[in-house]
Every structure is written in structure tokens, then in C-alpha cells.
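The primary structure of each chain is shown beneath.
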Amino acid sequence: MLFPETYRIMFQKKLLLIFSFVVSMIFFISCRQVEVFEKNTRIPAYDWASSYAATGSFNITDTLSSYKIYIVIRHLDAYRYNNIWLNVGLQTPGDSMYFQKVDLPLGSDAQGWEGTGMNDIWEVRKLLSGEARRFIKPGMYKFKITQLMRDDPLPGIMSAGLRIEKQP
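What comes next is a walk through the structure.

Between Asp152 and Pro153 the backbone carries a cis peptide bond, its omega angle lying at 10 degrees. Examined against the element boundaries, Pro153 turns out to sit in the loop between β11 (139-147) and β12 (154-155). With a phi close to 55 degrees, Ala45 is a non-glycine residue in the positive phi region. Checked against the element boundaries, Ala45 lands in the loop between β1 (36-42) and β2 (47-48). The exposure class assigned to Ala45 is exposed, which follows from its relative accessible area of 63%. Residues other than glycine seldom take positive phi values, yet Tyr46 does so here, at roughly 60 degrees. With respect to the helices and strands, Tyr46 occurs in the loop between β1 and β2. Among the residues examined, Tyr46 registers a relative accessible area of 31% and is labelled partly exposed.

Conventions and cut-offs
- Residues numbered from 1 in each chain as written.
- Predicted model: local features only at pLDDT ≥ 70, side-chain atom pairs only at ≥ 80, totals over all residues.
- Heavy atoms only, no water.
- Helix = DSSP H or I, 4+ residues; strand = E, 2+ residues; numbered from the N terminus.
- Buried < 20%, exposed > 50% of the residue type's maximum accessible area, 1.4 Å probe, protein only.

This is a description of form; function is not addressed.
Right, dumping it as C-alpha cells:
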């Protein structure tokens, strides 16, 4: 017959084994690599002329997966508007570039700037289409982002770009 002390030790060993298993599963799941592409273009002197484009290209090999497409804007706290109008172009392999006008909110008078900030620099990532999408063709995609605001050049914008995240 086992004594009560033996039961306690066996229970502690089982508890330690279960705890170790849970911790190792959390570690294994959290180490899964997320496929991300991000390209940001620096705006010279933080004055974004309407003729200056943030451009880049990215390669898509998996057309079965969904991707989230984000616009990334970095601006100064002194930026004087709560939004920014952009002309966002995306070119699929072998096709011409398709443009979409986007009104991107950056903040509000009541709640301040959206995104993350440090001192007087703010970065906002906004989902472009509202949901994850699939790319139809594999190959090299190109993008082009220009500003459509009335101020030309537009002061207070540090960089603009695109972020693509593959969904698991």
C-alpha cells in the first residue's frame, strides 16, 4: 500500500509533466514563422510631392493562401490632417496597373492618432481591402502609392509603403 506522501509525489510529477507539455506546445506554436513582405519608401524631407511615388514589388508563389494587404504610413505628430487620400496601384504579372483611391483615416480630434507612436513619430497600418484576399496569378507583383491631398507637397509624411501578410 502506498503512503499519502507517495501519492503527493506522484501527483506532483504528473502535474509537472502536464505543465511541461503545455509550455512546450505553446513554444512550438508561437515559433511558427509568418510570411510577411513589407516595403516602405522614405519621403524626402518629409514633404510628399504628388509626383513622388512609393513603389515596390513582391513575389507570390502560393495562390491558394489568403493574404492581408496593409497600407503603412509613418507621419509626424505635426501632420495637420486626420486622414490622407492615396492613389494605390497594384499590377499583377503580365497585366497593367489597377489604381484605387483610398481615404485612410490616421486619427481623430477626440481620440488622437491611431497606430503606434514614439515621441512625435506615428506609424499606422491599415488593412487595404477590409479582409484577406487571394492573389490569382503567381509571379512578381508591383505596387505604386501616391498622395492625392490638396497640399503639394504634403508636409509631415515620413514614409509610405505596403505590407503583405500570408494567413495561416
